[in-house]
Amino acid sequence: MAEGRFEEIWVEAGEQRIRALISGERGWLMYLPSAGASGFSSRNPEYAGPADATIEYCLSNGQRDFHPASWAYPVDVVHRARDYFEAEEKRPPFIEWHAD
């Protein structure tokens, strides 16, 4: 996969933060309600692929991570979640979240 297909996005609203890792046409989200708090990560209930499938992500520091494909959403949904968080300053309700 070409390097340009990876993206790491952080958005802050007060102490809250949302992080999006994008790999091509799919993306994974993490929501942190405050500094030091346990966060939440996305789960896609519509995922219908292999249970053990993973997606590679590249962080801004060059580190490569793999997360389950079932955690990812289409990139347009990830961007909509980011936009919602920026506008509303709260966790996007249309994403299924898992308490980590």
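Described below are features of the structure shown in this document.

Reading the values: the criteria
Residues numbered from 1 in each chain as written. Predicted model: local features only at pLDDT ≥ 70, side-chain atom pairs only at ≥ 80, totals over all residues. Heavy atoms only, no water. Salt bridge = Lys/Arg side-chain N within 4 Å of Asp/Glu carboxyl O. Helix = DSSP H or I, 4+ residues; strand = E, 2+ residues; numbered from the N terminus.

### Some words on the pattern of salt bridges
Between side chains of opposite charge, pairing is possible as soon as their charged atoms come close. If you walk through the whole model with that rule in mind, you get four salt bridges. One salt bridge in this structure joins E8 and R19, with 3.3 Å as the shortest N-O distance. Separated by eleven residues along the polypeptide, E8 in strand β1 (residues 6–13) and R19 in strand β2 (residues 16–23) bring together distant segments of the chain.

### Thoughts on unusual backbone geometry
For E89, which is not glycine, the phi torsion reads 55° and is therefore positive. Structurally, E89 can be placed in the loop between α1 (75–88) and β8 (96–99).

### Examining the environment of D83
Here D83 is to be found in helix α1. Considered as a pair, D83 and Y73 are ten residues apart in the sequence and their alpha carbons are 15 Å apart.

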